[in-house]
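Letter by letter, the chains look like this.
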Amino acid sequence: MSGFLKKMSDLDKRVIFVLISLAVIIPLLYPLFIEINVNPEVKAVYDTIENLPNGSTVFLAMDFDPSSKPELYPMAEAVLRHCFRKNHKVIGMTFWVTGVGLGEKALTDIAKEYNKEYGTDYLYLGWKAGGYALVIQMGEEGIAAAFPVDHYGRETASMPILQKITHLKNIDYLVELAAGASIGTWYYYGKMKYKFKMGGGCTGVMAASWYNLLKIDWINGFMGGLRGAAEYEKLIDKKSKATRGMDAQSVSHMLIIAMIILGNIAYFANRAKGNK
Amino acid sequence: MHNMFKFFVLVTVILFVSSPIMAQDKPSLTPPEGFTALDTPNDIGNSISLLWQASANDKEGISYIIYASPLEDGPWLEQDRVLSTLGFKSDAPQYFGLSEENETWHFYEVTSIKKDPTDKNPLPITATTYFKLAISNGTDVIEFHSIVSAAPEGNWFDTSKLNVLIFVSIFSILILYFISLARKNPNLFIRHIPGLDAIEETIGRATEMGRPILYLNGLLDMSSLSTIASTSILGKVARKVANYDSQIMVPCYDPIVMSVCQEVVKEAYAEAGRPDAFKEDNIFFITNDQFAYAAAVDGIIMRHKPAANLFMGYYYAESLLIAETGVATGAMQIAGTDAITQLPFFITTCDYTLMGEELYAASAYLSREPLQLGSLKGQDYSKGFIILVLIIGTIASTAGSAFFINLFRTF
Amino acid sequence: MDSTILGGWIAAGLTLFMFSSLYKDNPFYRFGEHLYLGLSVGYIILKVIYANIIGGLYKPLFEDHQYMLLIPTILGLSLYTRFFPKIAWISRITFAFIVGYGSGLTIPRIIAGGIFQQIEKIITPLGKTGATWWEVFSGIVIIIGVASVLIYFFFSVEHKGIINKISRVGIYFVMIAFGASFGYTVMARMSLLIGRSYDLIEFATPKYYYATIVLLVLMVLILILYESMRKKEEGSEANA
């Protein structure tokens, strides 16, 4: 037993890497279909979009890049599916220059599923430098003024989708999918002044701090990490990558917890042995 | 005759009983009091506010109709219908404050004027406009004859943000006061921060082992407080490195930070009397892409195997990637960051961690620079004020007073 | 060859190259690292040139005749005077503009949204009408937590006596918060691994001509060969 505990405390990291890899790959190959419960903060985002009158406008800020794709891209797809199903109009953009392609792919792929027309049902503004200055310009001068051309170089002022939704104050809901601190930009320079409703999604790293934003009414709900995306997929009844990933997530978490417990037992046992 | 009398009495009774019931369906003929139009306060001059007192008119099924005209004599065009049970001054505290009386006044904000009833693109309101009010129960409309007018004007001062102005002013005065105090007396008290002792130990260890010291400034630019604090600490570290005749490597994420760090390290070597030992190539720019930077730093750690890693500044997800690689090479690691999300990783992988404000305090403690020292002291006293407000405010609000909640309300 | 298939092979290959660093530093990892570095810098430069310089400056200035843009252009260019010591003082004008404009715009909003709103939400009445016992308990815990953590980060007073005790309470709250954050982050890292694994599994299918498997086998064989050659070289050096 003491030999086993010694081995546990000196365990080669590469053994842990292999175990984690197996804990991730096996559930992906052989799904377990573990049931997912929906949290109130995710339901709040869903309910907001669900209760908007059909044809409302949702502004989707896809502020992430490929390094956060596994968590935030499924969220984008799920929110887009929900919006298009409710015949809401969607305006997409990003603050991340390396995330432009992801945002475009999400919008075009999901819009194609629902036979939506570009320029009328959805619009992709793409990326433009400016950060908070861009938000202020969209609020004061208008979305078309901030983005005179869209991601494809087409003029935005004449697009049907921007005839009624000219400024940020006209949008019905803003969903911010953030891999960084852009929620602050949208709140300080957007929601504080133009008073639109805001919800969002974030990576697991930031999820703990976003509960504070929920408490102080920056957002009315949010999806935290891959789990948040899986919960949203459950709500829209379209299980996809996020749901599949939750099996692997659950198994790998259980493995980590087991290793933490064993490692701590080994540590304290060896320490006690060393003190004798 | 007797039958006719009975019939007459019956009709009179029926009319008498039914008249209140029928009267309830008709809107009151009394116009609401205090109907006024004024420039909306605290705005940029793009709206007019219409106000009128709540009255017995306000019931389910009753709406007010707002008419507007550019001229006093008309033509009057219907702008909107608002339910009598909605739209009060208390809904717009950013304009009218938090007085309880606001719940007894209706408020409607006019931002545009329709040219005709079907106008889908009304023009923004810019000139003097005249308004009339009417009331409707859905079928009947009764117009009130009072005509009011106003012109929108931009306001220079937003009174709803007065509390923010006062707080910022007091905070600024405190900081300026302490900066001037710090200029006269650089030995203002800052409590000892344990992580700082480890820095000297780290540099000595690196010298003994004959391996370099790796110093990272984080991922933000020079305008960030954490980067400023980091470069301040770098100066002290570089001076010790020069004294011990060791080597320091500073891979940078931002080109401007790189040029500042080169100056800081060069000056540190000169102060230590070792300007010849300074190598500009040791402070270099890699890339300003997050994970490319992390990959490059990992590569440097694996190839050069520094004995000490100092991570001072603001980090994102690459923090654990870099710190874990350092652990794998057996380096002694000290981190200091105000990135709350990354602190857990530094705490588990580094020997010492300066958390949040401790980084700024460490920088002020080491440099004794009046600006940093004064700012820290000013912040401390503001924190003290906030602690008091939280405790007293909670007690007061539990006792039923909304004073403190309203004091910090923002619109 | 279909670009999707080629893209799958490249993605699988580069993913495996970066994962190979888990074993030890090797040429595959170094190749991937340098490729990523160069690509990221090149992509960002191009995007900035086309979106900002051409789209945001050149076209509005020369095609739309928005001559007001000359002012921010001159201010921006003056930043480069930092490289010439004799005229470096000119860059201070731009910095003054940036700092002044930035501070004026951000400070009131951060104070209002970041500090005031938090204070407003914390000083809510404990035990308001209809509150459950859990809400009252949470309110008390929040007050104690916020106050004790703020006292821990109070640097003007030595941590002795009652202040030391309150600071210890504060540090426990901080560590619990870090534990929650750490747990969430472990979840996030697992999610990233799951995302890559999902893609690697997809690239191992017949549609992508078993890209993952082929590349993995090739990589392992080359690494074995590389290691044995390196050991031989080290051995011959030691003998010499």
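Right, let's get into the overall build of chain A. Along chain A, the regular secondary structure elements total 12 helices and six strands. Considering only C-alpha atoms, chain A reaches an extent of 80 × 35 × 35 Å along its principal axes. Taken over 276 residues, chain A has a buried fraction of 53%. Long-range contacts, defined here as pairs at least 24 residues apart, represent 75% of the contacts in chain A between residues at least 6 apart. For chain A, the exposed surface amounts to about 11700 Å²; the carbon and sulfur share of it is 58%.

Glancing now at the interface of chain C and chain B. Interface size is commonly expressed as the accessible surface area that is lost when the partners come together. Every contact between the two is made by 45 residues of chain C and, on the other side, 55 residues of chain B. Taken as a group, F116, I123 and F155 of chain C account for 18% of the area that chain C buries against chain B, more than any other trio of residues on that side. The interface formed by chain C and chain B holds two salt bridges in total. Here R409 of chain B ties to E120 of chain C by a salt bridge, and the two come within 3.9 Å at their closest N and O atoms. Summed over the shared surface of chain C and chain B, the result is 14 residue pairs in polar contact (both at pLDDT 80 or more). The element contributing the most residues to the side of chain C that touches chain B is helix α4 (residues 91–122) of chain C, with 10 residues. A class-by-class count of the residues in the side of chain C that touches chain B yields 31 nonpolar, seven polar and seven charged.

As a further point, take the domain arrangement of chain A. Split by domain assignment, chain A resolves into domain 1 (2–30 + 250–275) and domain 2 (40–239). Here the C-alpha centroids of domain 1 of chain A and domain 2 of chain A sit 40 Å apart.

With that out of the way, let us pick up the packing of helix α11 (residues 225–235) of chain A against helix α6 (residues 161–203) of chain C. Packing of α11 of chain A against α6 of chain C brings their axes to within 7 Å, and their N-to-C directions diverge by 70 degrees. Between α11 of chain A and α6 of chain C, the angle falls in the class roughly perpendicular. Of the residues in α6 of chain C, those touching α11 of chain A at G225, L226 and R227 of chain A are M187, S191 and I194 of chain C. The class makeup of the residues in the contact of α11 of chain A with α6 of chain C is three nonpolar, two polar and one charged.

Another aspect to go through is the environment of I228 of chain B. In this structure, I228 of chain B sits in helix α5 (residues 225–244). The spacing of I228 of chain B and V257 of chain B is 29 residues in sequence and 9.2 Å in space, taken between C-alpha atoms.

Let us look at a negative patch on the surface. Together, E263, E267, E280 and D281 of chain B make up a negatively charged patch on the protein surface. Within the secondary structure, E263 of chain B is located in helix α6 (residues 255–271).

Attention now goes to the interface of chain B and chain A. Contact with chain B, which involves eight residues of that partner, is made by eight residues of chain A. Each partner contributes to the roughly 650 Å² buried at the junction of chain B and chain A, and carbon and sulfur atoms together form 57% of this total. Its largest share of buried area at the contact with chain A, chain B owes to F291, T341 and F411 of chain B, together 39% of the area lost on that side. Linking chain B with chain A are zero salt bridges, by the criterion used here. The interface formed by chain B and chain A includes zero residue pairs in polar contact (both at pLDDT 80 or more). Residue classes in the side of chain B that touches chain A are distributed as four nonpolar, two polar and two charged.

Quick notes on the rules
- Residues numbered from 1 in each chain as written.
- Chains lettered and ligands numbered in written order.
- Predicted model: local features only at pLDDT ≥ 70, side-chain atom pairs only at ≥ 80, totals over all residues.
- Heavy atoms only, no water.
- Helix = DSSP H or I, 4+ residues; strand = E, 2+ residues; numbered from the N terminus.
- Buried < 20%, exposed > 50% of the residue type's maximum accessible area, 1.4 Å probe, protein only.
- Contact = heavy atoms within 4.5 Å.
- Areas by Shrake-Rupley, 256 points an atom, 1.4 Å probe, with all protein chains shown as cover.
- Buried area = accessible area lost by both parts, 1.4 Å probe.
- Salt bridge = Lys/Arg side-chain N within 4 Å of Asp/Glu carboxyl O.
- Polar contact = N/O pair within 3.5 Å; in protein donor to acceptor, adjacent residues only side chain to side chain.
- Nonpolar A, V, L, I, M, F, W, Y, C, P; charged D, E, K, R; others polar.
- Domains from an automatic or database assignment.
- Axes fitted to C-alpha atoms, helices over the stretch in contact; angles between N-to-C directions.
- Parallel < 35°, antiparallel > 145°, perpendicular 65-115°, else oblique.
- Patch = residues over 30% accessible without salt bridge, like charges linked within 9 Å, V, L, I, M, F, W, Y side chains within 5 Å.
- Lys, Arg positive; Asp, Glu negative; His and termini not counted.
- Charge placed at Lys NZ, Arg CZ, Asp CG, Glu CD.

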